[in-house]
Structures are given as C-alpha cells and as structure tokens.
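# Notes for the structure review
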Amino acid sequence: QVQLVESGGGLVQTGGSLRLSCAASGLTFSTYSMGWFRQAPGKEREFVAAISWSGGIIYYAGSVKGRFTISRDNAKNTVYLQMNSLKPEDTAVYYCAGGRRFQGPTQDSNEYNYWGQGTQVTVSS
C-alpha cells in the first residue's frame, strides 16, 4: 500500500520560509518522478514543481520559479519543497504526488497515481 505523508506546513509571515517534506512508503521511490501541487480555497489544484526519478530534471511553475526548490533524497524516500520569499498568494494546501516510473516529471496532475493527504501553508500579510 502506497503512502505519501507530507509535513512541514504552517503559518508564516510574508517573506518567510518553510520546508515541506513528503515521506513515501510502499513503492520503489527511487524509480518514480515526484511532484508538488497546491490548491487554494475556491481554486483549482495547480502544479508547483516536479522532479524526475533521478533528480536530474526539474520543472517549476512560473509563479514559484526562483523562490521554491524541489529536491529528493532517494536514500530516505523523501521529496522536499523549500519555499522562500513566501507571499500571501502561496497560501494553499500543498500535496505531494507520485508520478511515473523511470520517466521524466510532468506538470499534468492526471499523470500522478499517488497522492498525499496535504499540508496547509498559510502566509500572512
């Protein structure tokens, strides 16, 4: 049974930083591309960042590029999202997702088979 468990969310002021973690179990983590998505109240879920199974290919949404960094530690079965210079518009529930084996990362949420329960990030102005 695949489980993705996010942690690290919370309340932070504008300009602050948070580091999200997603611990995976029940799958051969090192063979899966991984992604982060977010959903704000009343809005559609949107792509944030994705990383290939090897870590060699990374994609970011334009709205977070230069502020967020996705990384992974295959030895720890964990993917991270370092979020700096946070803005109120970054407020959302952030979800970790497990994608395709031995394939590049994708921004398409339909390509992800496994999802975490989400962690709330709130940025106050």
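Each remark here, short or long, concerns the structure printed above.
A brief look at the structure comes next. As the structure is a computational prediction, the values presented were derived from the model and not from experiment.

Now for the sheet that holds strand 7 (residues 68-73). The strands making up a sheet are joined through hydrogen bonds of the backbone, oriented either antiparallel or parallel. Reading across the sheet, the four strands line up as 1-3-8-7 and stay open at both edges, with antiparallel pairing between neighbours. Since the sheet does not close on itself, it has two edges, and those belong to strand 1 (3-7) and strand 7, each with one partner. Looking at each pair of strands side by side, their axes are set apart by 15 degrees on average, direction ignored. Where strand 7 and strand 8 (residues 78-83) come together, six bridges link them in antiparallel fashion. Paired with D73 across the two strands is T78, which belongs to strand 8.

Glancing now at the pattern of salt bridges. Enumeration according to the criterion identifies four salt bridges in this entry. Between E46 and R38 there is a salt bridge, and its shortest N-O distance comes to 2.5 Å. A salt bridge links D90 to R38, with the nearest nitrogen and oxygen atoms 2.9 Å apart. With D90 in the loop between strand 8 and strand 9 (92-101) and R38 in strand 4 (residues 32-39), this pair connects stretches of sequence that are 52 residues apart. When sorted by exposure, D90 lands in the same class as R38, which is buried.

Classification of D90 as buried rests on a relative accessible area of 1%. Polar contacts involving the side chain of D90 include one to the side chain of R67, which spans 2.7 Å. Setting aside residues up to four positions removed in sequence, D90 forms contacts with R38, R67, F68, S85, V121 and V123.

A few words on the packing of aromatic side chains. Describing an aromatic ring pair means giving the distance of the ring centres and the angle of the ring planes. Evaluation of the coordinates by the stated rule reveals six aromatic pairs. Seen from their ring centres, F37 and Y112 are 5.2 Å apart, and the 80 degrees between their planes marks the pair as edge-to-face. Taken as a pair, F37 in strand 4 and Y112 in the loop between strand 9 and strand 10 (114-115) lie far apart in primary sequence, 75 residues in all. Through pairs of rings, three or more aromatic residues link up here, namely F37, F47, Y112 and W115. Stacked on the ring of Y80, the Lys or Arg R19 has its end atom at 4.0 Å from the ring centre. Looking at R72, its charged tip hangs above the ring of F29, at a distance of 4.4 Å from the centre.

Cut-offs used in this document
Residues numbered from 1 in each chain as written. Predicted model: local features only at pLDDT ≥ 70, side-chain atom pairs only at ≥ 80, totals over all residues. Heavy atoms only, no water. Pairing = 2+ DSSP bridges. Helix = DSSP H or I, 4+ residues; strand = E, 2+ residues; numbered from the N terminus. Axes fitted to C-alpha atoms, helices over the stretch in contact; angles between N-to-C directions. Salt bridge = Lys/Arg side-chain N within 4 Å of Asp/Glu carboxyl O. Buried < 20%, exposed > 50% of the residue type's maximum accessible area, 1.4 Å probe, protein only. Polar contact = N/O pair within 3.5 Å; in protein donor to acceptor, adjacent residues only side chain to side chain. Contact = heavy atoms within 4.5 Å. Phe/Tyr/Trp six-rings, centres within 6.5 Å; stacked < 30°, edge-to-face > 60°. Lys NZ or Arg CZ within 6 Å of the ring centre and 35° of its normal.

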